[in-house]
Amino acid sequence: MMILKLVLALMSIVLTRGVHGQMVQMDSSKSGFVGSQIELRCQFVNSNPPVKISQVTWQKLVNGTKQNIAIANPALGVSVLSPFKERVRFKNPAVRQRTPSLEDTTIVFNKLKLSDESTYICEYTTFPAGNRENMVNLTVYARPMIQMSPSTPSIVAGTKDLKMTVATCISANGKPPSVITWETDLDGESNTQEIRNPDGTVTVRSDYLVVPSRQIHQQLLTCISTYNDEQYTDSVMLNIQYEPEVIIEGFDGNWYLNRDNVQLTCLADANPSISLFQWRYLNGTMPSAAELRDDVLIFKGPVTYDIAGTYICDATNSIGTGSASVEVIVTEFPSYPHEVSQEPQLAGAIIGGAVVCGTVLLAAITLLVVFFYRRRCMFKGDYSTKKQILGNVYSKAGSVPSHPSLPNSLTFSEDSDEEKKLEIYRGSSILGRSIQEIHNCQDSRMKAYHTGLNEDHERCGRSEQTYIYDYGSEVEVSVDMISQMDGSVISKEEWYV
């Protein structure tokens, strides 16, 4: 009894492992777009211990009810039921052989339809293990059709500030629905709505509203439709129709007697274009000198008082008529030189510029000459030179050049002039005495420099004179000399420089 129970327990364990090891493998979900092809995988794995596969059945779950699609039977072969017969097939050729292999019964869907979206079951009938099955959820997407168009072929600008639909963007039959946005510089707003279709798709419609005016004519308006991270764009150029806006050009406020070649031009901004221009004269009959040429009013001959007055131009298109007026005033004389040729003006400008440049250049040269002249006048001598007391030439500092000694007595010829003798004699005496004093003052300066006593230095400074001895030339006295410590002197101008 105990042995029988042990055998039954072992058999139960083996069977349980076999049952749990045998399974049907499928993807949990699959998706595809309308018109595309998709595979639904189904495989029987771990057929150990070996089992006999009696049949494989593909089914579609519709409202809780299983609907057969395709059947593979080792004895009866392969069968695909309507309405899938033309679009469903088994992928593995071994399934269709005389001795089929049914471990892989993957099916292929062609030309997906929205109605194909559902849950599909792959069921294996085996012996002795029984039935094994699994399922996959198929989702079918539909790419929308994007269309953008103006609300009407022609949009007429209104007189009131009322917003109206100027363009419409439609994303039709999409699954899932698209998201529509607008890209534009216009100051408008959008109105979006979704429409669900019987086949499960959604149509999104977005209208763009703005006040139609001439300012938004030929402005670009772009619709952006976003679907499953994909963007589709479409643009339209707005065509706004409006009545003419008119201005008159040609009168510059300087129409004077006998002036030639004057005219008035009527300019109009309109959509559609102007079909008719008309000129009117408010002061009576149009002057005989005026000649009408569509949008231009030409005045023949010289200007006279007869053409003065108010002129009106009417421009008409299919939307309406616009008008503008100008009052022409004729004066006896021009208010400014009107017919001065450009060439004399250009020549005058060139001459004037040349005169100015020459004047500036001459002034600069004069300033440079004055500057260098004054600098030369203030600098007398070389900075590296010093004047000697007893010389009439410049020499380097360091020693006093030798001069002939003064004679103790002067000898004159008998026919010499008495006044000349007296002058030479006095000069010689003064020169000899002055040289001795200068040497004494130089010694005093050296002593004052080393001892700090300035009395003798000041005395010599007050009485100092410099004489030039030139062997018979006149004696010159200079007080513009500055003594140096080495016995030489330089002029005050050089010293201060």
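Check the entry above for the structure.
Keep in mind the model is a prediction, meaning the values are calculated, not measured.

Caption draft 1: Inspection of the packing of aromatic side chains at higher detail. In this structure the tally under the stated criterion is ten aromatic pairs. Note on Phe 109 and Tyr 120: the rings are 5.4 Å apart at their centroids and 65 degrees apart in plane angle, and the pair reads as edge-to-face. With Phe 109 in strand 9 (residues 107-109) and Tyr 120 in strand 10 (residues 118-127), this residue pair connects regions lying eleven residues apart in the sequence. The buried category is assigned to Phe 109, whose relative accessible area is 0%. Their ring planes at 50 degrees and their centres at 5.4 Å tell us that Trp 182 and Tyr 208 sit as a pair that is tilted. Placement of the pair is Trp 182 in strand 15 (residues 179-183) and Tyr 208 in strand 17 (residues 202-210), with a sequence separation of 26 residues. As far as burial versus exposure is concerned, Trp 182 and Tyr 208 are alike and both buried. Through a chain of ring-to-ring contacts, the aromatic side chains of Phe 251, Trp 255, Tyr 281, Phe 299 and Tyr 311 assemble into a single cluster. Of note, Arg 143 hangs over the ring of Phe 33, and the distance from its end group to the ring centre comes to 3.8 Å.

Caption draft 2: Summary view of the nonpolar core. Grouped together as the largest cluster of nonpolar side chains are 28 residues, with contacts concentrated most on Trp 58, Phe 109, Tyr 120 and Tyr 124. Of all the secondary structure elements, the ones that give two or more residues to this core are strand 3 (38-40), strand 5 (52-62), strand 6 (65-73), strand 8 (88-90), strand 9, strand 10 and strand 11 (130-141). In contact with Phe 109, not counting residues within four places along its chain, are Ser 36, Gln 37, Ile 38, Leu 40, Phe 84, Arg 87, Val 88, Asp 116 and Tyr 120. Counting 21 residues, the second largest nonpolar core, distinct from the first, contains Trp 255, Tyr 281, Phe 299 and Cys 313.

Caption draft 3: Broad picture of the state of the cysteines. Throughout the structure, instances matching the rule amount to three disulfides. In this model Cys 169 forms its disulfide with Cys 223; the gap between the sulfur atoms is 1.8 Å. Taking the sign of the S-S torsion, about -65 degrees here, the bridge from Cys 169 to Cys 223 comes out left-handed. Residue Cys 169 is found in strand 14 (residues 164-174), and its partner Cys 223 is found in strand 18 (residues 220-227); the two are separated by 54 residues along the sequence. The burial state of Cys 169 is the same as that of Cys 223; both residues are buried. At a sulfur-sulfur separation of 2.0 Å, the disulfide partner of Cys 266 is Cys 313. The sign of the S-S torsion, about -95 degrees, decides the handedness of the disulfide formed by Cys 266 and Cys 313: left-handed. With Cys 266 in strand 22 (residues 262-271) and Cys 313 in strand 26 (residues 309-316), the pair connects residues that are 47 residues apart, well separated along the chain.

Caption draft 4: Molecular detail of the side chain of Asn 317. On the secondary structure map, Asn 317 appears in the loop between strand 26 and strand 27 (321-328). Separated by 3.1 Å, the side chain of Asn 317 and the backbone oxygen of Tyr 242 make a polar contact. For Asn 317, the side chain forms a polar contact with the main-chain nitrogen of Ile 319, separated by 3.1 Å. Apart from residues lying up to four places away in sequence, Asn 317 is in contact with Tyr 242, Glu 243, Pro 244, Ala 270, Asn 271, Pro 272, Ser 273, Ile 274 and Ser 275.

Caption draft 5: Here's a closer look at the sheet that holds strand 17. The sheet built from four strands is open, its strands ordered 12-14-17-16 with antiparallel pairing. In the strand order of this sheet, the two ends are held by strand 12 (145-150) and strand 16 (189-196), each with one partner. Neighbour-to-neighbour, the strand axes of this sheet turn through a mean angle of 15 degrees, independent of strand direction. Pairing of strand 16 with strand 17 involves eight bridges; the strand directions are antiparallel. Looking at strand 17, one finds that Ile 195 is bridged to Thr 203.

Caption draft 6: Molecular detail of the pairing of strand 22. Alignment of strand 20 (residues 240-249) against strand 22, held across six bridges, turns out to be antiparallel. Along strand 22, the bridge assignment pairs Glu 249 with Thr 265. Inspection of the sheet shows strand 22 paired to strand 25 (residues 296-299) by four bridges, in the antiparallel sense. Note on strand 25: the bridge partner recorded for Gln 263 is Ile 298.

Caption draft 7: Structural view of a nonpolar patch on the surface. Residues Leu 361, Ile 365 and Val 369 make up a contiguous nonpolar surface patch of about 290 Å² in total accessible area. Mapped onto the fold, Ile 365 is located in helix 2 (residues 342-378).

Caption draft 8: A look at the environment of Tyr 311. Secondary-structure assignment places Tyr 311 in strand 26. Residues Tyr 311 and Leu 264, 47 residues apart in the sequence, show an inter-C-alpha distance of 9.0 Å. For Tyr 311, the residues in contact, after removing those within four places along its chain, are Ile 248, Leu 264, Arg 280, Tyr 281, Met 286, Pro 287, Leu 297, Phe 299, Ala 324, Ser 325, Val 326 and Val 328. Looking at Tyr 311, its side chain comes within polar contact range of the main-chain oxygen of Ile 307, at 2.7 Å.

Caption draft 9: Quick look at the sheet that holds strand 20. Taken together, five strands build an open sheet; the order of strands is 13-20-22-25-24 and the sheet is mixed. Bordering the open sheet on either side are strand 13 (155-156) and strand 24 (290-293), each of which pairs with just one other strand.

Caption draft 10: Highlighting the pattern of salt bridges. Enumeration over the complete set of coordinates arrives at 13 salt bridges. Taking the shortest distance from any N to any O, the salt bridge between Lys 66 and Glu 133 comes out at 3.6 Å. With a gap of 67 residues between them, Lys 66 in strand 6 and Glu 133 in strand 11 connect regions that are remote in the sequence. Overall, the relative accessible area of 41% leaves Glu 133 in the partly exposed class. We note a salt bridge from Asp 207 to Arg 205, for which the minimum N-O separation is 3.4 Å. The exposure class assigned to Asp 207 is buried, which follows from its relative accessible area of 11%.

Quick notes on the rules
Residues numbered from 1 in each chain as written. Predicted model: local features only at pLDDT ≥ 70, side-chain atom pairs only at ≥ 80, totals over all residues. Heavy atoms only, no water. Phe/Tyr/Trp six-rings, centres within 6.5 Å; stacked < 30°, edge-to-face > 60°. Helix = DSSP H or I, 4+ residues; strand = E, 2+ residues; numbered from the N terminus. Buried < 20%, exposed > 50% of the residue type's maximum accessible area, 1.4 Å probe, protein only. Lys NZ or Arg CZ within 6 Å of the ring centre and 35° of its normal. Core = buried A, V, L, I, M, F, W, Y, C linked by side-chain atoms within 4.5 Å. Contact = heavy atoms within 4.5 Å. Disulfide = S-S within 2.5 Å. Polar contact = N/O pair within 3.5 Å; in protein donor to acceptor, adjacent residues only side chain to side chain. Pairing = 2+ DSSP bridges. Axes fitted to C-alpha atoms, helices over the stretch in contact; angles between N-to-C directions. Patch = residues over 30% accessible without salt bridge, like charges linked within 9 Å, V, L, I, M, F, W, Y side chains within 5 Å. Areas by Shrake-Rupley, 256 points an atom, 1.4 Å probe, with all protein chains shown as cover. Salt bridge = Lys/Arg side-chain N within 4 Å of Asp/Glu carboxyl O.

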